[in-house]
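# Summary of the model geometry
Given next are the chains, with one letter for each unit.
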Amino acid sequence: MLRIRSGFIGNILGFGLRDQIMPNLKATAYIQIWSFVESDSRNKGLPNPPDIRQGYGKIEGNWGSFIAGRTRTLFSRGATDINVMYAHKWGVGFPNAIDSKGPTQGMVGFGVLGSGFGAGLIYGTPTIAGLQLNVALFDPTALSAGGMSRTAFARPESELTFEQALGTFGKVVLFANGAYQKVYKPGYCVPSPTTGPCEVTAAGVGYGGRIELGPVHLGVAGHYGKGLGLSYALEQSYAAFDPINNLRVFDGYIAQSQVVLGKFDLFAGWGITRVFLTDYDKTQPQYSNIKYQMGINGGVVVDIGFRQFAYD
């Protein structure tokens, strides 16, 4: 079949209100709607509903900031930003299911865990000497693909970032983030070596940085943890579990480069996500388990001259 696909981001319509309530208190309300042009399964009779991707309120002051609502999660946010900014904001990446609708995935699944969106509460400290810490509680994620469909508490996530300008020539950005989620089997459960555990803890860390020196941009990132999945953090994926629901370990690495030459952007990158066998996996040679997903990318982006206007 023939498909025409766009880059990492679809059509976005955003509405926001902002008010400086007091000299040291600013309030913002924002809602963001995503939509795709094509219909499900190419059926013109099916509805094509919009996706309310973000909707939150935010207050800011000299004490920091606080967000309540649905917005981007913190784990793997830095790696996702590298992929989008330096390659697949405009470039076509991995298509995932060819018959699906919407944009392509960039390098998600190939060294990048998509950060995703979730409902939660986020506090951000003031930025001091380029350093800022964000801590959050998000809606819990049940890993139902492995039968672990119960959760007890909200999911904590955090991200520490450092950003420093290099004069007018460029900047350097560093980041480290993490997430933690305990999940349980529903109902009465007795753990055993043959039926598996009754509860598991999915957790991971992400890290990396990017540097911009004039027209040359380079970003590198990695992640490591249990039960993370291949595509996005804490994914509903059978790859995350062995046959008796022990969590598998994942890691991933990406290097992405970009060179900006006037109206042309050149980009190239490489990434890999690896899956490690559990002790139980090693006793089951009849199973064929995924070992890794590796991908490379390259492309040319042309600025065709549309002007952008901003009003404040």
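Look up: the structure comes first, before these words.
Report follows, based on the coordinates. Counting restarts for each chain: residues are numbered from 1 in the order of the written sequence. Local features in this predicted model are restricted to residues whose pLDDT is 70 or higher, and side-chain atom pairs enter the listing and the counts only when it is 80 or higher, whereas totals over whole chains, interfaces and linings include all residues. The side-chain values count all of the structure's non-hydrogen atoms but skip hydrogen atoms and water molecules.

### Digging into the layout of surface pockets
One way to see where empty space is left: roll a probe the size of a water molecule over the atoms. Counted only if it meets this: Cavity means a closed set of points on a 1 Å grid over the protein atoms alone, one where a 1.4 Å probe fits but cannot get out, pocket means an open set with protein on both sides within 12 Å along at least 5 of 7 lines, and lining means a residue has an atom within 4 Å of a point. Grid points are joined across faces, edges and corners, and a volume is the space filled by probe spheres set on the points. Numbering of helices and strands starts at the N terminus; helices are DSSP runs of H or I of at least 4 residues and strands are runs of E of at least 2. Residue classes follow a fixed rule: Ala, Val, Leu, Ile, Met, Phe, Trp, Tyr, Cys and Pro count as nonpolar, while Asp, Glu, Lys and Arg count as charged, and any other residue, Gly among them, counts as polar.
Estimated volume of the largest pocket: approximately 940 Å³. As for the largest pocket, its lining consists of 32 residues, and the residues nearest its centre are Phe8, Trp34, Arg53, Thr104 and Phe117. For the lining of the largest pocket, the secondary structure elements donating two or more residues are strand E2 (25–35), strand E3 (51–61) and helix H1 (77–88). In terms of residue count, H1 provides more of the lining of the largest pocket than any other element does, four residues in total. For the lining of the largest pocket, the per-class residue count stands at 12 nonpolar, 12 polar and eight charged. For the second largest pocket, the calculated volume is near 380 Å³. The wall of the second largest pocket is formed by 15 residues, among which Arg77, Asp81, Thr161, Glu163 and Arg210 lie closest to the centre. It is strand E8 (residues 155–166) that contributes the most residues to the lining of the second largest pocket, four residues altogether. Among the residues making up the lining of the second largest pocket, the classes are represented as three nonpolar, six polar and six charged.

### Comments concerning a nonpolar patch on the surface
Where we set the bar: Patches draw on residues past 30% relative accessible area with no salt bridge. Two like charges within 9 Å are joined, as are two nonpolar side chains (Val, Leu, Ile, Met, Phe, Trp, Tyr) within 5 Å. Only the protein chains shown count as covering a residue, and every accessible area follows the Shrake-Rupley method with a 1.4 Å probe. The term salt bridge refers to a pairing of a side-chain nitrogen on Lys or Arg with a carboxyl oxygen on Asp or Glu at a separation within 4 Å. Each residue gets one of three labels from its accessible area relative to the maximum for its type: buried under 20%, exposed over 50%, partly exposed in between, using a 1.4 Å probe on protein chains only.
On the surface, Ile59, Trp63, Phe66, Leu121, Tyr123, Leu131, Leu133, Val135 and Leu160 cluster together into a nonpolar patch covering about 710 Å² of accessible area. Those elements that place two or more of their residues in the nonpolar patch are strand E5 (117–124) and strand E6 (131–138). The element that contributes the greatest number of residues to the nonpolar patch is E6, accounting for three residues. As for its placement among the helices and strands, Tyr123 is situated in strand E5. According to the relative accessible area criterion, Tyr123 is partly exposed, its value standing at 31%.

### Thoughts on unusual backbone geometry
One non-glycine residue, Ser76, lies in the positive phi region at around 70 degrees. Unlike most non-glycine residues, Leu234 shows phi in positive territory, near 60 degrees. Topologically, Leu234 is positioned in the loop between strand E11 (216–226) and strand E12 (249–261). For Leu234, a relative accessible area of 3% corresponds to the buried category.

### Considerations on the side chain of Lys185
Note the threshold: Pairs of N or O atoms within 3.5 Å make up the polar contacts considered here, provided that, within protein, one atom can donate a hydrogen while the other can accept it, and that residues adjacent in sequence are counted only when both atoms are side-chain atoms. Residue contacts are defined here by distance: any two heavy atoms, one from each residue, within 4.5 Å place the two residues in contact.
Following the sequence through the fold, Lys185 ends up in the loop between strand E9 (170–184) and strand E10 (199–213). A polar side-chain atom of Lys185 sits 3.4 Å from the main-chain carbonyl oxygen of Pro197. Not counting residues up to four positions away in its chain, the partners in contact with Lys185 are Gly147, Met148, Arg150, Thr195, Pro197, Cys198 and Asn245.

### A word on the environment of Ile9
Tracing the chain through its elements places Ile9 in the segment before strand E1 (11–22). Residue class for Ile9 comes out partly exposed when judged on its relative accessible area of 29%. In this structure Ile9 touches Trp34, Val84, Lys89 and Pro103, once residues within four positions along its chain are discounted.

### Structural notes on empty space enclosed by the protein
Applying the stated criterion across every chain yields a total of one cavity of 30 Å³ or more. What the largest cavity holds in volume is close to 40 Å³. Taken together, Ser76, Ala79, Phe175, Asn177, Gly206, Tyr207, Gly222 and His223 form the lining of the largest cavity. For the lining of the largest cavity, the elements supplying multiple residues, two or more each, are E9, E10 and E11. Its residues assigned to classes, the lining of the largest cavity comprises three nonpolar, five polar and no charged.

Limitation: the analysis is restricted to geometry and does not speak to function.
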